[in-house]
Amino acid sequence: MEILREILLTLHLLGMAIIVGGYFTVIRSPKVMPGMLHGAYLQLVTGLLLMGLAEMGDGDVNHMKIGIKLVVAILVTVFAFIGNKKQKAFAASAPAEGGAGVKVANPSATMAHLVVAFAVINVIVAVFIH
């Protein structure tokens, strides 16, 4: 079981790296990248599996911490989903609207900021709440 937990934890951390890394690759023009949505899905699924393994174990589980992390992870996933949907709609309509030299604000920028902010909040909860 310990090997499975380590694999799931590695995938969970990889999901976080995908979210934050995806954000930093487009930080000058923030938008929700498809990889950020996939990283959010990966974090949510592996987090639920890690919680299940913790419940099956002999140790005590901090249900308050897990509940907070679950709510924040769901928010990250919802923000990434909405931002990805807005980004796809924006990309589909951009060639028809844009004129030469006209820069249009990206509608998924706010969602990109929210995805990363809440993902970092989830890490802070994981590290500092015992």
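Residues numbered from 1 in each chain as written. Predicted model: local features only at pLDDT ≥ 70, side-chain atom pairs only at ≥ 80, totals over all residues. Heavy atoms only, no water.

As annotated in an unreviewed UniProt entry, the protein chain carries the name Integral membrane protein and is attributed to Brevibacterium iodinum ATCC 49514.

*Asks:* Just to check I follow, could you spell out the overall build of the protein chain for this structure?
*Replies:* Each helix and strand counted, the protein chain has 4 helices and 0 strands in total. For the protein chain, the sequential pattern of α-helices and β-strands runs α-α-α-α. Principal axes of the C-alpha set define a box for the protein chain whose edges measure 65 × 25 × 20 Å. Buried positions account for 32% of the 130 residues belonging to the protein chain. Accessible surface for the protein chain amounts to roughly 7900 Å². Of this, 73% is attributable to carbon and sulfur atoms. (Helix = DSSP H or I, 4+ residues; strand = E, 2+ residues; numbered from the N terminus. Buried < 20%, exposed > 50% of the residue type's maximum accessible area, 1.4 Å probe, protein only. Areas by Shrake-Rupley, 256 points an atom, 1.4 Å probe, with all protein chains shown as cover.)

*Asks:* Explain the environment of D60 to me, please; I cannot follow it from the model alone.
*Replies:* Relative to the helices and strands, D60 resides in the loop between helix 2 (34–56) and helix 3 (63–97). Given the relative accessible area of 83%, D60 is considered exposed. Residues D60 and L14, 46 residues apart in the sequence, show an inter-C-alpha distance of 26 Å.

*Asks:* Hey, could you run me through the layout of surface pockets in this one?
*Replies:* The probe, sized like a water molecule, is rolled over the atoms to show the empty space still left. In this structure, the largest pocket spans a volume of roughly 810 Å³. For the largest pocket, the lining is made up of 31 residues, of which G47, L50, M51, I66 and K69 are closest to its centre. Of all elements in the fold, only helix 1 (2–25), helix 2, helix 3 and helix 4 (109–128) reach the threshold of two or more residues within the lining of the largest pocket. No other element matches the 9 residues that helix 2 contributes to the lining of the largest pocket. Taken together, the residues of the lining of the largest pocket sort by class into 19 nonpolar, 7 polar and 5 charged. (1 Å grid on protein atoms, 1.4 Å probe; cavity = no way out; pocket = protein on both sides within 12 Å on 5 of 7 lines; lining within 4 Å. Points joined across faces, edges and corners; volume = space filled by probe spheres on them. Nonpolar A, V, L, I, M, F, W, Y, C, P; charged D, E, K, R; others polar.)

*Asks:* Hey, could you run me through the UniProt feature "transmembrane region" (unreviewed entry) in the protein chain in this one?
*Replies:* UniProt records the feature "transmembrane region" (unreviewed entry) for residues 7–26, 32–54, 66–83 and 111–129 in the present numbering. Strand forms 0% of residues 111–129 and helix 95%; the C-alpha atoms that close the span are 26 Å apart. (UniProt positions renumbered as here; feature names shortened; annotations may be inferred.)

*Asks:* Would you mind going over the pattern of salt bridges with me for this structure?
*Replies:* Any two side chains of opposite charge can pair, on the condition that their charged atoms come close. One pass over the structure, following the stated rule, counts 2 salt bridges. Where E2 meets R5, a salt bridge forms, and the shortest distance between an N and an O atom there is 3.4 Å. Here E2 pairs with R5, and both are found in helix 1, just 3 residues apart, close to one helical turn. Given a relative accessible area of 32%, R5 falls into the partly exposed group. With its nearest N and O atoms 3.0 Å apart, the salt bridge here joins R5 to E6. Here the salt bridges do not stand alone but share partners, grouping E2, R5 and E6 into one network. (Salt bridge = Lys/Arg side-chain N within 4 Å of Asp/Glu carboxyl O.)

*Asks:* What's the story with the side chain of S108 in this structure? I'm lost.
*Replies:* Structurally, the position occupied by S108 is in the loop between helix 3 and helix 4. Once residues lying within four places of it in the same chain are set aside, the contact partners of S108 are K31, V32, G83, K86 and Q87. (Contact = heavy atoms within 4.5 Å.)

*Asks:* Would you take a moment to explain the packing of helix 1 against helix 4 for this structure?
*Replies:* Helix-helix packing: each pair is described by the crossing angle between the helix axes and the interaxial distance. It is the contact of helix 1 with helix 4, at a shortest axis distance of 10 Å, that shows an interaxial angle of 140 degrees. When the axis of helix 1 is compared with that of helix 4, the two are oblique. Of the two elements, helix 1 crosses helix 4, and the hand of that crossing is left-handed. Where helix 1 abuts helix 4, its residues M16, I19 and Y23 lie against A112, H113, V115, V116, A119, V120 and V123. Here the contact of helix 1 with helix 4 is composed, by residue class, of 9 nonpolar, 1 polar and no charged. (Axes fitted to C-alpha atoms, helices over the stretch in contact; angles between N-to-C directions. Parallel < 35°, antiparallel > 145°, perpendicular 65-115°, else oblique. Left-handed = near helix turned anticlockwise from the far one by under 90°.)

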